[in-house]
Structures are given as structure tokens and as C-alpha cells.
Amino acid sequence: QVQLVESGGGLVQPGGSLTLACAANGSAVNLDVLGWYRQTPGNERELVAEEPLFGDIKYADSVKGRFTIFRPGGGNAVYLQMISLKPEDTAVYFCQGTIRTIGRVYDYWGQGSQVTVSS
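A quick note: this is a predicted structure, and the numbers were derived from the prediction, not measured. (Residues numbered from 1 in each chain as written. Predicted model: local features only at pLDDT ≥ 70, side-chain atom pairs only at ≥ 80, totals over all residues. Heavy atoms only, no water.)

(A) Structural context of the environment of Gln96. Here Gln96 is to be found in strand S9 (residues 91-101). Between the C-alpha atom of Gln96 and that of Gly15, which follows or precedes it by 81 residues, the distance is 26 Å. A polar contact is formed between the side chain of Gln96 and the side chain of Thr98, at a distance of 2.9 Å. (Helix = DSSP H or I, 4+ residues; strand = E, 2+ residues; numbered from the N terminus. Polar contact = N/O pair within 3.5 Å; in protein donor to acceptor, adjacent residues only side chain to side chain.)

Structure below.
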């Protein structure tokens, strides 16, 4: 019933900036964890950044100092502000959310948004 929808992807030159947005629709509760993953062909999907309701924000080492995750008020919208973009940041970016209940964990994924960093 929960649908995550990303927006803001596109083509940007190296050194440029881009902001991704994700809205989680259809959830009656705030997601316990909300964040971003990315994936390139032939590689595993990797965590980029995540912001839980409780606990520390996490960033991949490759994006520390360049990317910032923002989840206003711990709600069900999340943003990824990206600066100083590099060609190696090119990937499909996925919004991801988790709801934890007693004896059950629910994971939700967006459809993916392409980010291409190229001159």
C-alpha cells in the first residue's frame, strides 16, 4: 500500500549539483527508516544515505562531505542534496523506506531515478 516516488534526477556536468526528492504515499505511520540507495549495471545496490526516526544518520564513505540527506520533521518525505558530482556518481538512485513492527519488517522501494554525471 506504500508507494515511494522519486523525482529530480537527470543529466548534470561534473562538479555540478542536483537534488533528489522522494515522497512516501499511503503510509499511516512514519517510516522507521527512510533513505537512498544507488545501483550501476553489474553491481550490488549500495546504501548512499539514510535517516532513521531514532539513531544516527549514515552515509557511504564515497559521498561524505558532498551529499546531504534531509528528512523534515521525521516525516515521510526525504531529500538528497548532492554537490560536487563526479562521473562515478552516475547510477540509478532508489528511495527506500522501512517500517518495523513486532515480528515483521516491511521494506518499500521507489521505481528509481537516473542520475548521469557527464560533460
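(B) Fine view of the nonpolar core. In terms of nonpolar packing, the biggest core is built from 27 residues, with Leu4, Trp36, Val48, Phe67, Leu80, Met82 and Tyr93 touching the most fellow members. Listing elements by their share of this core, those giving two or more residues are strand S3 (18-25), strand S4 (33-39), strand S5 (46-52), strand S7 (67-70), strand S8 (77-82), S9 and strand S11 (113-117). (Core = buried A, V, L, I, M, F, W, Y, C linked by side-chain atoms within 4.5 Å. Buried < 20%, exposed > 50% of the residue type's maximum accessible area, 1.4 Å probe, protein only.)

(C) Summary view of the pairing of S4. Buried residues dominate S4, accounting for six of its seven residues. Between S4 and S5, which follow one another and run antiparallel, lie six residues, and Gly42 among them has a positive phi close to 80°. As judged from the seven bridges shared by S4 and S9, these two strands associate in the antiparallel manner. Residue Arg38 lies in a different strand from S9, and its bridge partner there is Tyr93. (Pairing = 2+ DSSP bridges.)

(D) Looking closely at the sheet that holds S8. Judged by pairing direction, the sheet is antiparallel, and its four strands sit side by side in the order S1-S3-S8-S7 without closing on themselves. The sheet is open, and its two edges are formed by strand S1 (3-7) and S7, each paired on a single side. Here the average twist between neighbouring strands, direction ignored, is 15°. (Axes fitted to C-alpha atoms, helices over the stretch in contact; angles between N-to-C directions.)

(E) Examining the packing of aromatic side chains more closely. Tallied over the full model, the rule gives two aromatic pairs. Ring centres 5.0 Å apart and planes at 65° place the aromatic pair Tyr37 and Trp109 in the edge-to-face group. Linking Tyr37 in strand S4 with Trp109 in strand S10 (residues 104-109), this pair joins segments that are 72 residues apart in sequence. Summarising the aromatic geometry, the rings of Phe94 and Trp109 are spaced 6.5 Å apart at their centres and angled 85° between planes, so their arrangement reads as edge-to-face. With Phe94 in strand S9 and Trp109 in strand S10, this pair connects stretches of sequence that are 15 residues apart. On the accessibility criterion, Phe94 (10% relative accessible area) is buried. Taken together, the ring pairs connect Tyr37, Phe94 and Trp109 into an aromatic cluster. Sitting above the plane of the Trp109 ring, Arg45 keeps its charged end 4.7 Å from the centroid. (Phe/Tyr/Trp six-rings, centres within 6.5 Å; stacked < 30°, edge-to-face > 60°. Lys NZ or Arg CZ within 6 Å of the ring centre and 35° of its normal.)

(F) Representation of unusual backbone geometry within the structure. Despite not being glycine, Ser84 shows a phi value in the positive range, around 50°. Taking the relative accessible area as the measure of exposure, Ser84 reaches 38% and is therefore partly exposed.

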